Amino acid sequence: MRVNRRKFLESALAVGAVAHAGRAMGKSEEQEKPPGEFYEEPARRLPVRNFDVIVAGGGTAGVVAAMAAARQGAKTVLIEQKGYTGGIITEGGTALHSFFNVWKPYPGVKKLQLVRGIPHEIIERLTKMGGTSGHAELSMGYNHDSVCLAVDVEMYKLLSHTMLHETGVYVCLNTLLAGVVKEGRRIKGVLAESRSGREVLCAKSFVDCTGYGDLAAYAGAEYAEPNDYPLCNSMGVANVDIESLCQNLRLSQLAKGLRSGKEGQIVRVEGSPKAKGAGINLTTTTVHDHYLMFVKANVGGAWGKGKSWHVTDRDAMTELELEARKDQQEMIALIRRVPGCEAAFAARSSPSLNIRRGRVIECDYDLSLKDVLGGRHFDDDVMAYGFHDQCLKIGGGGGSYGIPYRALRAANIQNLLVAGMMITSDYQAHQSTRNTVSCMAQGQASGTAAALCAQQGCGTRDLAYADLRKALEKGGVYFDT
Ligand SMILES: Cc1cc2nc3c(=O)[nH]c(=O)nc-3n(C[C@H](O)[C@H](O)[C@H](O)COP(=O)(O)OP(=O)(O)OC[C@H]3O[C@@H](n4cnc5c(N)ncnc54)[C@H](O)[C@@H]3O)c2cc1C
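Report follows, based on the coordinates. (Residues numbered from 1 in each chain as written. Predicted model: local features only at pLDDT ≥ 70, side-chain atom pairs only at ≥ 80, totals over all residues. Heavy atoms only, no water.)

## Section: the sheet that holds strand β3 (residues 76–79)
Here five strands make up an open sheet; going across it, the order is β6-β3-β2-β10-β23 and the pairing parallel. Looking at the sheet topology across the chains shown, the edges are occupied by β6 (170–172) and β23 (416–418). Direction aside, neighbouring strands of the sheet carry axes that sit 20° apart on average. Here strand β2 (residues 53–56) pairs with strand β10 (residues 205–208) via four bridges, running parallel. By the bridge assignment for β10, A56 is matched with D208. Where helix α12 (residues 436–456) meets the sheet, it contacts β2, β10 and β23, and its direction lies at approximately 165° from that of β10. (Pairing = 2+ DSSP bridges. Helix = DSSP H or I, 4+ residues; strand = E, 2+ residues; numbered from the N terminus. Axes fitted to C-alpha atoms, helices over the stretch in contact; angles between N-to-C directions. Contact = heavy atoms within 4.5 Å.)

Right, here's the structure in full:
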């Protein structure tokens, strides 16, 4: 079933203060040209390399997609613009939500691990390295006693890269995907820029896991930019007395788990100041004593309140990067006022602002809130998921819904799948599908499908679902049907 394009745009653009549809608005190339001087770039002969599958973006979804493709035997390349893999899990994602259903508030509903397969494998290994809080149950607030998992971000970078190597993925770090080579509705290759030069990487199938949908947008996919979430640079803060910090906050969230090897320690907290006007309002996670792995400072402090920016506007974002860094230092000053935190400092920040969504790419199916809350499963499910950011009941409470294969197929392009925060135009439905564990599971589905398409020499729409399902089940994916 194809998505209704007008509905897709309406839904994607409904909430944002400044919303914007790229290409989809039908602007001609001439209209899009900025006024001013131009330089015609001369044509160049570029070296070409061939692969079965190209995964663009080595973040939350991309790491898993590339591993999944390589495990199917596909010659796979992963292109990542930064010097490490892991994406928002290592930069801003606070805690991973959630491998489980939300069972506790619903009598008779059993605790069920919905996301398994490669995401589970990564986390098991990270936990053995001492790099997670374990699946920590919320004892206060947020999402009706859900489960979250905090990670050591440096260990995640190391482990994800190591596992990619072990799987035989050709990993290109510090490499920017800068364009697309297309033939009709088929992508032939991508332009990759690095200090080794500009090259063309060709493949049979492509997976866009760039978060922002760069590959899809370069390939001419329809998309919207809703701009409906706040921007944020999450930092790591050292030299803190975590227990004292909690005593000085009016807590709205609390989870205990593994910290510095000890069970039952505070690992996730959200709180506001006890006295009005007294400062800090923070959400944080940790897996080590005296260190907050993530402290989120949303630019302007507000949750998506009428701010006007485009996340694809370089100059606007440059100004906001500065604003975020100022906000961080203000946050540090407030933390220092807490007894036991006088010497706190920002030990790490993200290389750039994080956003919960940039572009939303039009796919063959667009999940609705009704699908999510109704616990809908499809005849081409590629995963099951059961968490929503705003405490909304899934499947009547404690249930799951399915993400169908068609929701990962970029509309109008023959050989492109997308995975991660760029799917789902409806803001409320997106507050479920965008969560880290969902993105990881989408990665396994899209990488597996891309490899099968490459092997069978077919487009994404010609792949038999039975083949995909069989491969995903073999890869440990759980289907709640
Ligand atoms: C501030 C913040 C807090 C959050 N809190 C939570 C939370 O508590 N719990 C939760 O479950 N989820 C949370 N989320 C949501 C979740 O973390 C994201 O939705 C998810 O991680 C997105 O995964 P992704 O793979 O789509 O993108 P990413 O993880 O960002 O991966 C995209 C990758 O692509 C690379 N890339 C981009 N463009 C290019 C290019 N042109 N060339 C090469 N590489 C490129 C990037 O460098 C990056 O590594 C949060 C998100 C944010 C921003």
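## Notes on the pattern of salt bridges
For side chains of opposite charge, pairing can occur when their charged atoms come near one another. Considering all chains together, one arrives at 23 salt bridges under this definition. Between K188 and E183 there is a salt bridge whose closest N-O contact spans 3.7 Å. Its salt-bridge partner being D364, residue R461 comes within 2.7 Å of it at the nearest N-O pair. In this pair, R461 sits in the loop between α12 and α13 (465–474) while D364 sits in the loop between β20 (360–361) and α10 (369–373), placing the two residues 97 residues apart along the sequence. Residue classification places R461 among the partly exposed residues on the basis of a relative accessible area of 35%. (Salt bridge = Lys/Arg side-chain N within 4 Å of Asp/Glu carboxyl O. Buried < 20%, exposed > 50% of the residue type's maximum accessible area, 1.4 Å probe, protein only.)

## Some thoughts on the packing of aromatic side chains
For the structure on display, the rule yields four aromatic pairs. Both rings, one in F51 and one in Y170, keep their centres 5.9 Å apart while their planes meet at 15°; by these two values the pair is stacked. Within this pair, whereas F51 is found in the loop between β1 (48–50) and β2, its partner Y170 is found in strand β6, the two being separated by 119 residues in sequence. Exposure remark for F51: the relative accessible area of 8% places this residue in the buried category. The partly exposed category is assigned to Y170, whose relative accessible area is 35%. Taking 5.0 Å as the distance between ring centres and 40° as the angle between the ring planes, the aromatic pair formed by Y229 and Y427 counts as tilted. (Phe/Tyr/Trp six-rings, centres within 6.5 Å; stacked < 30°, edge-to-face > 60°.)

## With respect to the nonpolar core
With 99 residues, the main nonpolar core has V53, L96, I122, V190, L215, L416 and V418 as its most contacted residues. Those residues in contact with L416 that lie beyond four places of it in its chain are I187, F206, V207, D208, L215, A216, L408, R409, A410 and T460. Core analysis: the next-biggest nonpolar cluster, separate from the first, contains 20 residues, C246, V295, I335 and A344 among them. (Core = buried A, V, L, I, M, F, W, Y, C linked by side-chain atoms within 4.5 Å.)

## Here's the deal with helix α9 (residues 314–336)
With 23 residues, α9 extends 33 Å between its outermost C-alpha atoms, agreeing within 8% with the 33 Å of an ideal straight helix rising 1.5 Å per residue. Buried residues along α9 sit in contact with β12 (231–232), β13 (235–238), α8 (242–247), β16 (282–285), β17 (291–295) and β18 (345–349). Looking at where α9 begins, the residue whose side-chain oxygen comes 3.0 Å from the main-chain nitrogen of D315 is D313. (Expected span 1.5 Å × (residues − 1). Polar contact = N/O pair within 3.5 Å; in protein donor to acceptor, adjacent residues only side chain to side chain.)

## Comments concerning the packing of helix α4 (residues 117–128) against helix α6 (residues 153–167)
Remark: α4 packs on α6, axes separated minimally by 11 Å, with the N-to-C direction vectors making an angle of 125°. In terms of orientation, α4 and α6 fall into the oblique class. For the pair α4 and α6, the crossing hand works out as right-handed. Residue-level contacts link E121, I122, I123, R125 and L126 of α4 to M155, Y156, L159, T162, M163 and E166 of α6. (Parallel < 35°, antiparallel > 145°, perpendicular 65-115°, else oblique. Left-handed = near helix turned anticlockwise from the far one by under 90°.)

## Concerning α4
Over its 12 residues, α4 extends 17 Å from the first C-alpha to the last, a length consistent with the 16 Å expected when each residue adds 1.5 Å. Looking only at α4, the buried set comprises G117, I118, P119, I122, I123 and L126. Tucked inside the fold, the buried residues of α4 contact α3 (60–71), α6 and α12.

## Observations regarding the site of the ligand
Surrounding the ligand, one finds 36 residues, the nearest of these being T60, E80, A95, R434 and T436. Note that an oxygen atom of the ligand is positioned 3.4 Å from one of the side-chain N or O atoms of K82. Measuring from a nitrogen atom of the ligand, one finds a backbone N or O atom of L177 at 3.0 Å. Look at the ligand: alone it shows 1,000 Å² of surface, and the protein chains cover 97% of it. Secondary structure elements with two or more residues in the shell around the ligand: α3, β7 (176–183), β19 (354–355) and α12. Taken together, the residues of the shell around the ligand sort by class into 12 nonpolar, 17 polar and seven charged. (Near = heavy atom within 4 Å. Areas by Shrake-Rupley, 256 points an atom, 1.4 Å probe, with all protein chains shown as cover. Nonpolar A, V, L, I, M, F, W, Y, C, P; charged D, E, K, R; others polar.)

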